Structure formats: structure tokens, C-alpha cells
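Inside the fold
These are the residues of each chain, in order.
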Amino acid sequence: MRVWPARWSRQWRSSASMALAAVALILVLWLCALPLSLLPEPIGSNADSFADGVRTTVALTLLAGSAGLIIGIAAAVAKLSRWLPLRWCAALYIWVIRGTPLLIQILFTFFALPVIAPSLQMSDFASASVALAFNVGAYNAEVIRGGLLAVPRGQLEAALSLGLSRLQTFLYVTFPQAFKIALPPLVNNVVALLKDSSLAYSVGVLELTNVGNRIQAATFQPVPILIATAAIYLLLTTVMTQFSDAVERRFDVEGHQA
Amino acid sequence: MKSAAPPPVPLIVVDRVNKRFGAHHVLRDVSTAFAAGQVTVILGASGSGKSTLLRIINRLEQQDSGDVVVDGIEIRAGQADTRRLHALRSEIGMVFQQFNLFPHLTVLDNITLAPRRVRGTRREQAQREARELLARVGLTEHAHKHPFALSGGQQQRVAIARALAMQPRVLLFDEPTSALDPEMVKEVLDVMKELARSGMTMIVVTHEIAFAREVGDRILFLEQGQILQDALPEDFFARQQDPRIRAFLGQVAR
């Protein structure tokens, strides 16, 4: 895809793509009621509800996605730690999360946690965000761990031989290379997260799927409503992959994808 | 045969160092010393413990027993004082067979990373010094390239500049030309010769016999984890008595 002038460097072009995708996402968020309202019934009259649902879905994804990235990094580092109890904790977390349905995790966080510890009573939105963040965090952890293991040992030795501390070696040498390796599967996880956020519907969050389902139930017109709902998801995931493609090109100093 | 004169001011002292990898006894009671300003070339068949000795000096490997003292910084076997360890490593530069440049950083950032993060040198000053080092290894115009865009010989010269940027007391070379295409060996050896002439303390593991003969102040020959001979180059190459070493020299000269 050639959108930008050829004389721009690849770094410039990918930065511009990132900015454009971010702007596109914001426009979709704030203006999607407009084009939707132009569509025929029953979508046009419900455009504002759809727009609210889109904003909630994107907010869930961004919130859980960024928290999940931090959780993933922490769990990956813990799983590679030299300290055995830490390795166990990380392994236990990843094992439980990946081995149980996300729907159960969302229901558990909302209904069961407050029973166990009343201070953990949260709003439906906050509760769903937490469950989604810990869920995607477990998948991110394995991806990031794979990236860390893929960095050649010589890189670590070179950094240590220069006198860098372990933390500095991680921050400036190992992690940037691991992140680049892990980026495509991380994006997969976030795209999956965007779609999985529809399960927040089960605890009453008014996100896109919930909105669509309610309108469909009220109007008895499942075909246009569910097609519109799916189309909006498709639009969101497309914008998201455009953004991540640009990030990948930004990191691609070797020019594999010039 | 006379052996090399004992070094006057030992910069590095290796005292009865042992190292095993499983059942394999890689270094057996190795004791030696390296003087400041001296170029020591370590020769020996593969598996004789050359690289392991080098890697124990800057603690990329940990010895099972014995002491290594570098410039007064002593680290015993089993000791894990991380601050002393980093102090030790920043005094010792290392050049690897596989270069090990950081692929995600430009040449300039490869060189300035450690001075900035370890020494706290300001960015502008670190870059100015890096450019001087690049000029010294003949790569001024490549400062903003990434390692993948350079030839093997150029990458190894950047790796030498990167090690020099920490102003180490000693430079270790672990088979620096073994991974290079033949036409690139000379450019790296030329840089190393220039370094030797400037008085840099160097310990070089290599199979480049001509380099050892021309630049070395002293030859250590390792066999099966022990120092079989410690000699001046002229004695080592011209008046070699030991049949095993003669056989080795015949092999590598071919």
C-alpha cells in the first residue's frame, strides 16, 4: 500500500500511518453516530446507542489491552526468574487463566470476588476490564516469554561485558528485541481481546454486542442489526491491524518489509 | 628454552583456576598473570579451554575454584557481589567471535549505550567520543547505519569501538576473525595492530599465527585445560621443541 510519498523514509511513513490510524480510531469513536444515523431503519434511529456501545467496547479493549501488556511483561519476567517461587506463581497464573473459559473469569470477577472479599466490589465495567486484562495478560506472558527466549545469548553477554546491570541489559538490549519478535502475536491477542470484550455483555456492560442484542430484541429485526454490529467490529479490528502493521514497520530496522 | 619474563606489574592475576562443564574438566589449576601494556596471544586446539579462560576473566563464566584479580578487583569463586562484578566488567572490554552488536540500535547508539548508562556520560559527549572511535576504526561514514547494513569486518570494527568506548584497562578478543570472510580478516587485524601499538593491554584468542608472531608480546599455549607453554613469540615459533605444539603449528599453518 503506497499512501505516503516515496521520498519519505520508512520510519516516517510508518509513523504517519500510526498517526493516521489513531486519528481514524478517534473519528470512528466520536463520529460513528453520524453515518449510522443515515442508514435505514432500524439502525438509523438507534445510531446513538450503537455509538455508545462502540465507545464502551473500545474503552474496554484499550484499558484491558494496556493493563494486559504490563501484566504480560511482568508474568513473562517472573516465569523466567531465577527465583523458584516467582516462577511457580507465574506458571500457576498462566495455567489457571489459559485453562478456564473467559466467560467464567468475567462472571467470577463480577459475582464471586465480592462475596469472597467485599472490598473487591466493582462496577460492571471495571470488573469486566479487570477480568479481560488478566485474561489477555496470561496469553501475552507466553508470547513475550517466547520473544525473550528468542534473543540470542550473545546479546546478553555483550551487554554484561560492557558493564550494564541486569536491569539495564533487560531495558535497553533484551526487551526491545524481544518486543519486536513478540509484536505480531501480541497484536493477535489484542484483536482477540477486542472481540472477546463482547463477553462483558454477560455482566451487563452496555458494549457493542449488548447494544446490538437489545435493539434486535426490541425491533425483531436480527438480520440488519447483527450485520451492522459485526461490520462495526470488522471496522474496528481493521483500524487496529493497520495501526499495528505501522508499529511493526517502525520497529523493522532491517527493512524486511520495505 | 627460556620462558617469557615474569610481567612487572600484573594487571590481571589468575590463581589456580579450575572449571568443569559436567564431567569435562575444562581448566585445570591454571595460574598466570597479564601485565599492563602487554599483548598476549592464547593459542591451542579447540576445546583446550582458551575461550573459557577469557570468559572467566570477565566473569561471563564462573570458575569452580581459584581467584581472578583484575586491577585490584578480586572476585572469588562463588562470590556474587553484583556491584563489584559490574565494576570489574566495565574495566574489561570484550570482542566476540560473532560480534554481538545490538541489531536494534544504530552504530552510534551501539557505541554510546554503555558510556551513557554505566558511566553516566552525557549524550553529546558520548556521541563525540563515539565518532572519534569510529574514525579510529575507519568507519566515520557509517555512524547512523544499523549493524545489518554493514559487512562482517565492519561489524567487528564497530564491536571493537564499542568495547573501547568504556575506556577499558584491558581488551579481550575471543577469536575475533573466525567468523569473517577471508577478505575481511585483514581490516580487523589492522585495527587490532594499531591498538597494540597504542599500548592497549590485550589478550587475544586466535588462530591467526601471523598476527601472533607479529603483534604478540607473549604466547600462551593451552592444551587440555593447562598452560603447556608460556613463551616469547620468537622462541615459540622459531625454536619450538615440543612435538605437540609443532604438530599444532603444522596444522594451522596449512
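Structure first, text after, so check above.
A brief report on the enclosed structure follows.

The rules behind these values
- Residues numbered from 1 in each chain as written.
- Chains lettered and ligands numbered in written order.
- Predicted model: local features only at pLDDT ≥ 70, side-chain atom pairs only at ≥ 80, totals over all residues.
- Heavy atoms only, no water.
- Contact = heavy atoms within 4.5 Å.
- Buried area = accessible area lost by both parts, 1.4 Å probe.
- Salt bridge = Lys/Arg side-chain N within 4 Å of Asp/Glu carboxyl O.
- Polar contact = N/O pair within 3.5 Å; in protein donor to acceptor, adjacent residues only side chain to side chain.
- Helix = DSSP H or I, 4+ residues; strand = E, 2+ residues; numbered from the N terminus.
- Nonpolar A, V, L, I, M, F, W, Y, C, P; charged D, E, K, R; others polar.
- Buried < 20%, exposed > 50% of the residue type's maximum accessible area, 1.4 Å probe, protein only.
- Pairing = 2+ DSSP bridges.
- Right-handed = clockwise from strand over helix to strand, strands pointing away.
- Axes fitted to C-alpha atoms, helices over the stretch in contact; angles between N-to-C directions.
- Core = buried A, V, L, I, M, F, W, Y, C linked by side-chain atoms within 4.5 Å.

**Let's talk about the interface of chain A and chain B**
Counting from both sides, the interface comprises 19 residues of chain A and, opposite them, 23 residues of chain B. Buried area between chain A and chain B, summed over both chains or domains, comes out near 2000 Å², and the portion from carbon and sulfur atoms is 64%. Here chain A is connected to chain B by one salt bridge. A salt bridge links Arg55(B) to Glu157(A); its shortest N-O distance comes to 2.7 Å. Here chain A is connected to chain B by seven residue pairs in polar contact (both at pLDDT 80 or more). Of all elements in the fold, only helix H7 (153-161) and helix H8 (166-196) of chain A reach the threshold of two or more residues within the side of chain A that touches chain B. Counting residues per element, the side of chain A that touches chain B draws most heavily on H7(A), at seven residues. Counted by class, the side of chain A that touches chain B contains nine nonpolar, seven polar and three charged residues.

**Some details on the pattern of salt bridges**
Residues and elements named next belong to chain B. Under the defined criterion, the tally for this structure stands at 18 salt bridges over all chains. For Glu61, the salt bridge is made with Arg55, and the minimal N-O distance between the two is 3.2 Å. Across the pair, exposure class does not vary: Glu61 and Arg55 are buried alike. Put simply, Glu194 and Arg136 hold a salt bridge, and the shortest N to O gap is 3.2 Å.

**Regarding the pairing of strand E8 (residues 201-205) of chain B**
Residue and element names in this part refer to chain B. Taking burial as the measure, the five residues of E8 include five buried ones, the bulk of the element. Along E8, one buried face is formed by Thr201, Ile203 and Val205 and the opposite face, lined by Met202 and Val204, is buried too. Note that strand E7 (residues 170-174) and E8 share five bridges and pair parallel. Note that in E8 the partner of Phe173 across the bridge is Val204. As a crossover connection, the stretch from E7 through helix H6 (residues 182-197) into E8 is right-handed.

**Details of the sheet that holds strand E9 (residues 218-223) of chain B**
All names here are of chain B. Strand order in the open sheet formed by six strands is E6-E7-E8-E3-E9-E10, with mixed pairing between adjacent strands. Strand pairing shows two members of the sheet lacking a second neighbour, strand E6 (92-95) and strand E10 (226-231), which therefore form its edges. Each neighbouring strand pair of the sheet contributes to a mean axis angle of 20 degrees, computed without reference to strand direction. Bridge count for strand E3 (residues 39-43) against E9 is four bridges, and the pairing is parallel. Residue pairing across strands places Leu43 opposite Phe221, the latter belonging to E9. Here helix H5 (residues 152-164) sits on the sheet and contacts E6 and E7; the angle it forms with E6, its principal contact strand, is near 170 degrees. Its contacts with the sheet put H6 on E3, E7 and E8, and the angle it makes with E8 is roughly 145 degrees.

**Some words on the nonpolar core**
If you look at the biggest cluster of nonpolar residues, it comprises 49 residues, and the most contacted ones within it are Leu43(B), Ile111(B), Ile160(B), Phe173(B), Met192(B), Met202(B) and Phe236(B). If one sorts the elements of this core by residue count, H6(B) sits on top with eight residues. In this structure, Leu43(B) is in contact with Lys50(B), Thr206(B), Ile209(B), Ile219(B), Leu220(B), Phe221(B), Leu222(B), Phe236(B), Phe237(B) and Phe248(B), ignoring residues within four places of it in sequence. If you look at the next biggest cluster of nonpolar residues, it comprises 39 residues, including Leu160(A), Val173(A), Leu60(B) and Phe102(B).

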